Structures are given as structure tokens and as C-alpha cells.
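This is what each chain is made of:
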Amino acid sequence: MAHSLTQEYFQIPVVTRAYTTACVLTTAAVQLEVITPFQIYFNPDLIIRRYQIWRLITSFLFFGSLGFSFVFNITFLYRYCRMLEEGCFRGRTADFVFMFLFGGVVINLFGLFANVFFLGQAFIIMLAYVWSRRHPLIRMNFFGLLNFQAPFLPWVLMGFSLLLGNSIVVDLLGISVGHMYYFLEDVFPNQPGGRKLLMTPELLRVMFDRPEDPDYRPLHEEQQDGDLEQDH
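Residues numbered from 1 in each chain as written. Predicted model: local features only at pLDDT ≥ 70, side-chain atom pairs only at ≥ 80, totals over all residues. Heavy atoms only, no water.

## Digging into the packing of aromatic side chains
Right, on to step 1. A complete count under the given rule lists 16 aromatic pairs for this structure.
Right, on to step 2. A centroid spacing of 5.0 Å and a plane angle of 40 degrees characterise the contact between Phe89 and Phe96, whose relative ring orientation is tilted. In this pair, the class of Phe89 matches that of Phe96, namely buried.
Right, on to step 3. For the ring pair Phe96 and Phe100, a centre distance of 5.1 Å and an interplane angle of 65 degrees mean the geometry is edge-to-face. Here Phe100 and Phe96 lie together in helix 6 (residues 93–111), a separation of four residues that amounts to about one turn. Across the pair, exposure class does not vary: Phe96 and Phe100 are buried alike.
Right, on to step 4. Feature note: the residues Tyr19, Phe60, Phe89, Phe96, Phe100 and Phe123 constitute an aromatic cluster, connected by ring pairs.
Right, on to step 5. Note that Arg17 overlies the ring of Tyr9, its terminal NZ or CZ placed 5.9 Å from the centroid. (Phe/Tyr/Trp six-rings, centres within 6.5 Å; stacked < 30°, edge-to-face > 60°. Buried < 20%, exposed > 50% of the residue type's maximum accessible area, 1.4 Å probe, protein only. Helix = DSSP H or I, 4+ residues; strand = E, 2+ residues; numbered from the N terminus. Lys NZ or Arg CZ within 6 Å of the ring centre and 35° of its normal.)

Right, dumping it as C-alpha cells:
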């Protein structure tokens, strides 16, 4: 069984596996009091004046203590990150890493002007936004209560945050950055006079692009999870 679990773990595409694992380990470290949230939250003053550069990354890795919020966020992160990596970014790991870098940098820049301490949820919304715009015909069902087309997914998630009494600043941040990437990558290059502005550095292609494993089993978008279902 241990061998089977290990095999399944390494079947997860590399970027999704690395990010999800980092989030789980960070949460475990906080739960075990190895580190505290105060050491990893986004604080521009500490980043600039005390050179605590790690906060630019660690603020994307913590979704709160173990509980509903953590399970909800880590499930969405795993699902939409994996479906992007196995779908429109299949065989293009370097391009996917570049999207991560673009999203991370822009969210950090926007975070300078927003009172947000952890940026992981905004990043999840960004991933969901890009996935939803690239799959406009997929019908979805949210908790068995609401049916809608995939492009409405980020707005449904924002409404859910509002119902839970959470700030929607993070959701709007993720939607904004997701739209920026989608426009620059998918819309503008196809406009008259438009051109591709987001160019993946060759170094990333050398580092990440590899031949595909013939035994690789992707997570099909037709599969359903307990919270969010897709109908065709």
C-alpha cells in the first residue's frame, strides 16, 4: 500500500505536486509550532527594510489552521492546478512555471496596496480564473445548489466568500491577475495588430521541459469531487 501511495504521489504533475506539498508542509509546521504565521505572512515593510525576502513566497503557502478553510482551499488548489498542468499546459511545464512566476510577482505587487496578509487564496482564484476562461462550455454545479457555466466560477467563489463573511479583496485580486494573464496570453495576441507579450525564458524550458512519461495518467476534467461537480 505504501508503494501504491508513493506511486500515486509521483504521478501528480511536478508543479502541482511541488506547490501542494509545500502548502501542506507549511501548514503542518505551523500546527506543530515549528514556525508561526507571524514569520511567514506578507509584510512589505519587513521585506523591504529587514530583507525578509522569504515572505514573498511563504505568504502563498499558508491557508490557515487545519479545518474547513484549509481543506476547501487545498482541494481547489490541487484540482485546478492539476487540471491546468495536465490540460492546456500539458507538455509545457516551463510555460506553466512562467505563469506561476507572473502571477506571483503581480499578486505581490498588488499586495503592496491591499491589506492582505496571505496571498495563497488569490493565487488559487487566479488559477481557477484561467482554467474557467479556457473551458467556457463546461457546466458546473456548486454544492448541488447552483448550476452555471465555467467562466462564472471565480465569481461564484467570491460570492461564497461573501456569504462566509470573509473579505472579497483577495478574490478580486486573484480575478484581476487571472484576467491580466488570460488577456495577455490568449486575447491580445489574437487581436489585429496584437502580439505575444509573455515569452517564457529559454532557461525555464531547459530546466523544466521533459519528454512525457508514457505511464502518466492525467486527472480527467470529467471526474467529480465532493464540493464542485462538472456536467457536460
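There is more to say after this.
## A word on the environment of Phe123
Right, on to step 1. Tracing the sequence through the fold places Phe123 in helix 7 (residues 120–134).
Right, on to step 2. On the basis of relative accessible area, Phe123 is assigned to the buried category, the value being 3%.
Right, on to step 3. Between the C-alpha atom of Phe123 and that of Ile175, which follows or precedes it by 52 residues, the distance is 9.0 Å.
Right, on to step 4. Contact partners of Phe123, with chain neighbours within four places excluded, come to Tyr19, Phe60, Phe100, Gly103, Gly104 and Ile107. (Contact = heavy atoms within 4.5 Å.)

## Observations regarding the pattern of salt bridges
Right, on to step 1. Going through the model one piece at a time under the given rule, you end up with six salt bridges.
Right, on to step 2. The partner of Arg49 in a salt bridge is Asp45, with the nearest N and O atoms 3.1 Å apart. Taken together, the positions of Arg49 and Asp45, both in helix 3 (residues 44–49) and four residues apart, correspond to about one turn of that helix.
Right, on to step 3. Judged by its relative accessible area of 64%, Arg49 is exposed.
Right, on to step 4. Residue classification places Asp45 among the partly exposed positions, given a relative accessible area of 39%.
Right, on to step 5. The partner of Arg205 in a salt bridge is Asp95, and the shortest N-O contact between them spans 3.1 Å. Residue Arg205 is found in helix 10 (residues 202–208), and its partner Asp95 is found in helix 6; the two are separated by 110 residues along the sequence. (Salt bridge = Lys/Arg side-chain N within 4 Å of Asp/Glu carboxyl O.)

## Some words on the UniProt feature "transmembrane region" (unreviewed entry) in the chain
Right, on to step 1. When the UniProt feature table is mapped onto this chain numbering, "transmembrane region" (unreviewed entry) sits at residues 56–78, 98–131 and 152–182.
Right, on to step 2. Helix makes up 61% of residues 56–78 and strand 0%, and the two end C-alpha atoms of the span are 21 Å apart.
Right, on to step 3. In this annotation, residues 98–131 is assigned 76% helix and 0% strand; the end-to-end C-alpha distance for the span is 16 Å. (UniProt positions renumbered as here; feature names shortened; annotations may be inferred.)

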